[in-house]
Amino acid sequence: MNRARVFSLVALAALVVAGGESAFVRQLMPVAERSAITDTSGRALGLHGFSTAGSAKSSVDGLPRFTEADLARENADMGTNFVRFLISWRAVEPQPGIYDQAYLAEVETRVDWFAKQGYHVMLDMHQDLWGTEIVPGMGIGNGAPGWATYTDGLPIGQHDMWELYYLDAGVIRAFDNFWNTTGTHPELMDHYVNAWKAVATQFASNPTVIAYDLMNEPFGGTLQGPAFEAGPLTNLYQQSLDAIRTVDPDSWACLEPQAMGVNWGLPSGLGVVTDSRPGEARVAFCPHLYPLAMDLGGGYSGGSRDMVDATIASWIGNTKRTAARLGNVPIILGEFGLDTTLPGALDYVDTVYAQMDGIHAGVAYWSRDNGLWGPYDTDGVTARNLVAAIDRPYLRAVAGTLQTLSSAPDRLEFSFTPDAAAAAPTELYLPAVGFPHGAAVDGATIAHWDTSRRILTLDAPGNPAATQNIVVVAA
Ligand code: IDC
């Protein structure tokens with residue numbers, strides 16, 4: 001990392017540190033019990049999986065290079081139950097007002113692969129740097145359709161680090177036009193909202209799709225921090241959810257904060273989004289975690305490790321406060337990841353999962369692409385070191401409200417308040433490496449042990465009124 005790049009990243013940081021919640025607001029936030037994303041049986045879900053996949057960003061058909069066999073391999077190797085599946089506005093609405101039903105059907109074919117393996121799907125409307133057409137033919141950005149890309153002739157440079165394109169005038173202008181900060185494109189946000197309605201129309205009756213991640217890593221252009229997040233971003237989310245609710249009363253809406261700064265542990269100024277569905281609100285907070293010290297190339301060792309730990313600590317505090325402020329909403333870590341050849345990389349992965357257990361957050365690792373950040377080599381088959389780090393014990397679903405959770409490679413300990421209305425049992429995933437001969441359980445009775453899928457099912461508790469304290473160890 002040369003000095004110029006470090007300074008550029010520090011400049012990015014300076015753009016956003018002025019934003020966020022005030023210390024006053026922070027002090028008033030209660031640390032309240034959070035709700036959880038639930039399945040159709042009313043169980044609180046533990047979500048472990050990948051963002052699948054970056055390869056969808058640039059493919060002509062908008063689909064990731066990912067096959068049903070790839071999914072079977074992933075499930076056998078790591079026991080995942082969740083996917084953050086990349087879709088894009090350019091593929092949903094290739095021409096203004098024209099929705100590509102063939103594309104949506106292809107997405108649903110993939111959703112059905114996940115359904116057969118017992119997964120839950122979150123559809124992620126992905127974008128980076130606005131769209132593929134910010135510099136036509138260069139493959140720099142992704143997400144928005146060409147017809148919605150207005151850089152107004154402003155320049156876009158050339159950078160080694162993709163994030164630095166966010167500082168270029170042409171990219172900033174494309175966002176300013178979308179958020180209608182320029183006052184010249186009020187139609188663009190309406191199109192985006194209606195694109196979500198088209199997606200929700202396709203998936204409303206598909207129980208495998210549990211959530212919609214309304215926008216990947218929102219960027220405010222010339223608006224940053226609360227001016228952006230509490231302004232046009234909250235407004236777009238509200239309009240999108242309202243449109244989704246006209247066709248889909250049940251799926252969750254996942255709200256990402258602005259990425260810049262919040263990815264590094266700074267607070268979010270996102271506003272409250274209300275859910276018009278009857279019953280409980282189904283809104284979740286889904287930030288990303290990318291410590292700046294890691295971006296600077298230091299990995300997770302020495303002084304860089306200390307900085308990363310400090311980032312994780314502030315990220316957790318700020319994430320909990322924002323989730324409380326948004327209405328005690330559930331948390332999903334929508335992205336974290338790194339080049340796992342960096343020093344200490346797997347320790348970092350372990351640390352993040354342990355910390356997310358502590359706040360009961362679902363996790364989607366970035367990403368399910370082959371190569372240095374992913375679980376498999378470029379051949380798509382040879383397991384990399386990441387596989388062992390992701391293949392960890394976790395709670396797939398709990399028939400009640402989770403109170404505490406902690407895990408080690410050969411142990412899972414948790415407590416929960418049973419919910420008599422839950423129509424399916426508590427389920428755990430226990431990897432072969434830590435549980436070669438299955439599990440012994442204290443505090444509950446084993447109903448079933450699926451040795452091939454490595455899923456342990458527990459009987460409903462004898463006394464449903466009492467908090468259950470359960471310890472699962474290797475047999
Ligand atoms: C990265 C891809 C990289 C691509 C870049 C721009 O790994 O190949 O060139 O996007 O499209 C994010 C983004 C996610 C990024 C990821 C890793 O949400 O799209 O993928 N990342 O850089 N935010 C922070 C990191």
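Our subject is the structure listed above.
Source: prediction; values computed, not measured.

Looking only at helices and strands, one finds twelve helices and 17 strands in the chain. For the chain, whose C-alpha radius of gyration is 22 Å, the value lies close to the compact-globule estimate of 23 Å for 475 residues. Taken along the three principal axes of its C-alpha coordinates, the chain extends 65 × 50 × 50 Å. Evaluated residue by residue, the chain yields a buried proportion of 56% over its 475 residues. Put simply, 73% of the contacts in the chain that link residues at least 6 apart link residues at least 24 apart.

Attention now moves to helix α3 (residues 68-78). Three or four residues apart is the spacing at which side chains of an α-helix point the same way, because the helix has 3.6 residues per turn. For α3, the complete set of buried residues consists of Asp-70, Leu-71, Glu-74, Asn-75 and Met-78. The buried residues of α3 occupy one face: seen down the axis, they fall within an arc of 135 degrees. The secondary structure elements touched by the buried residues of α3 are β2 (48-52), α5 (101-116), α12 (386-390) and β13 (427-429). Two residues or fewer past α3, Gly-79 is found with a positive phi of approximately 60 degrees.

Compared with the 22 Å implied by 1.5 Å per residue over 16 residues, the 22 Å span of α5 between its first and last C-alpha is a close match. What α5 keeps buried is the set Tyr-103, Leu-104, Val-107, Glu-108, Arg-110, Val-111, Trp-113 and Phe-114. Along its buried surface, α5 packs onto α3, β3 (82-87), α4 (89-92), β4 (120-125), α7 (187-203) and β5 (209-213). Just beyond α5, the residue with positive phi is Gly-118, at close to 80 degrees.

Calculation rules
- Residues numbered from 1 in each chain as written.
- Predicted model: local features only at pLDDT ≥ 70, side-chain atom pairs only at ≥ 80, totals over all residues.
- Heavy atoms only, no water.
- Helix = DSSP H or I, 4+ residues; strand = E, 2+ residues; numbered from the N terminus.
- Rg over C-alpha atoms; globule rule 2.2 N^0.38 Å.
- Buried < 20%, exposed > 50% of the residue type's maximum accessible area, 1.4 Å probe, protein only.
- Contact = heavy atoms within 4.5 Å.
- Arc of directions from axis to C-beta.
- Expected span 1.5 Å × (residues − 1).

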